[in-house]
Amino acid sequence: RIDAIKVIRPDRLTGVSFDTVKQMQNRFEREVRLAAYVAHEHIVPVYQVGEIDGCPWFSMQFVKGTTLNELSKSDLPNTSDVPAPERMASYIEKIARAVDAVHRHGILHGDIKPHNILIETETDRPLLSDFGLAEFDAYDASTTSTGVAGTLAYMAPELAQAAMRNASPDE
């Protein structure tokens, strides 16, 4: 099979402080742990985890296809290429079931957006990806040591307001 492999690129670690490197490595390890924690037909599965010469990596399913973001662009040359609303609703329903499974395991994804929903070409199956901001509980997922994390345009309103105030959503 062909796998996708995710690594922390070594060039991203040069010229940064030891604390920053450690923070990046911890986030990477947390991502793989949380991504692999829940098996679901609409979550990209993690296959292997390893380290080579101090460089951590993990492999996951290679999804041949596109993102929901790309698929839903209204500026396509031929508007007949944009999926019907019923098809888009079917994708969202399946991803909602995957998110429910994630939540039942006590995990919050932290960055659900069309860019992180992959649509497999052969099966037309949507898959949730990118657990880089995921956490095991609501408080940790909504805040980091630097404030609120996530993509502002796709955040829950209370998180977006906290991000704008540079505060905790509990305040």
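Conventions used here
Residues numbered from 1 in each chain as written. Predicted model: local features only at pLDDT ≥ 70, side-chain atom pairs only at ≥ 80, totals over all residues. Heavy atoms only, no water. Pairing = 2+ DSSP bridges. Helix = DSSP H or I, 4+ residues; strand = E, 2+ residues; numbered from the N terminus. Buried < 20%, exposed > 50% of the residue type's maximum accessible area, 1.4 Å probe, protein only. Contact = heavy atoms within 4.5 Å. Salt bridge = Lys/Arg side-chain N within 4 Å of Asp/Glu carboxyl O.

Enquirer: Could you give an account of the pairing of strand β2 (residues 46–52), naming the residues involved and the relevant values?
Expert: As defined by bridge partners, β2 adjoins strand β3 (residues 55–61) across six bridges and the pair is classed as antiparallel. Bridge pairing in β3 links V46 to M60. If you look at the hairpin formed by β2 and β3, you'll find two residues sitting between the two strands, and D53 has a positive phi there, around 50 degrees.

Enquirer: Describe unusual backbone geometry, listing the residues and the values that go with them.
Expert: Phi angles above zero are rare outside glycine, and D124 is one such case at about 60 degrees. Summarising the element assignment, D124 is placed in the loop between β5 (117–120) and β6 (126–128). The phi angle at D130 is positive, at roughly 60 degrees, despite the residue not being glycine. Here D130 is to be found in the loop between β6 and α4 (138–142). Classification of D130 as partly exposed rests on a relative accessible area of 30%.

Enquirer: Which residues make up the side chain of N69, and what are the values?
Expert: Secondary-structure assignment places N69 in helix α2 (residues 68–71). On the basis of relative accessible area, N69 is assigned to the buried category, the value being 17%. Non-local contacts of N69, meaning those with residues more than four positions away in its chain, are made with P114 and H115.

Enquirer: Explain the pattern of salt bridges residue by residue, including any values.
Expert: Summed over the entire model, instances satisfying the criterion amount to nine salt bridges. Notably, a salt bridge pairs R97 with E93, separated by 2.2 Å at the nearest N-O pair. Pair noted here: R97 and E93 are both in helix α3 (residues 85–104), with a separation of four residues, about one helical turn. For R97, a relative accessible area of 54% puts it in the exposed group. A salt bridge links K113 to D111, with the nearest nitrogen and oxygen atoms 3.6 Å apart.

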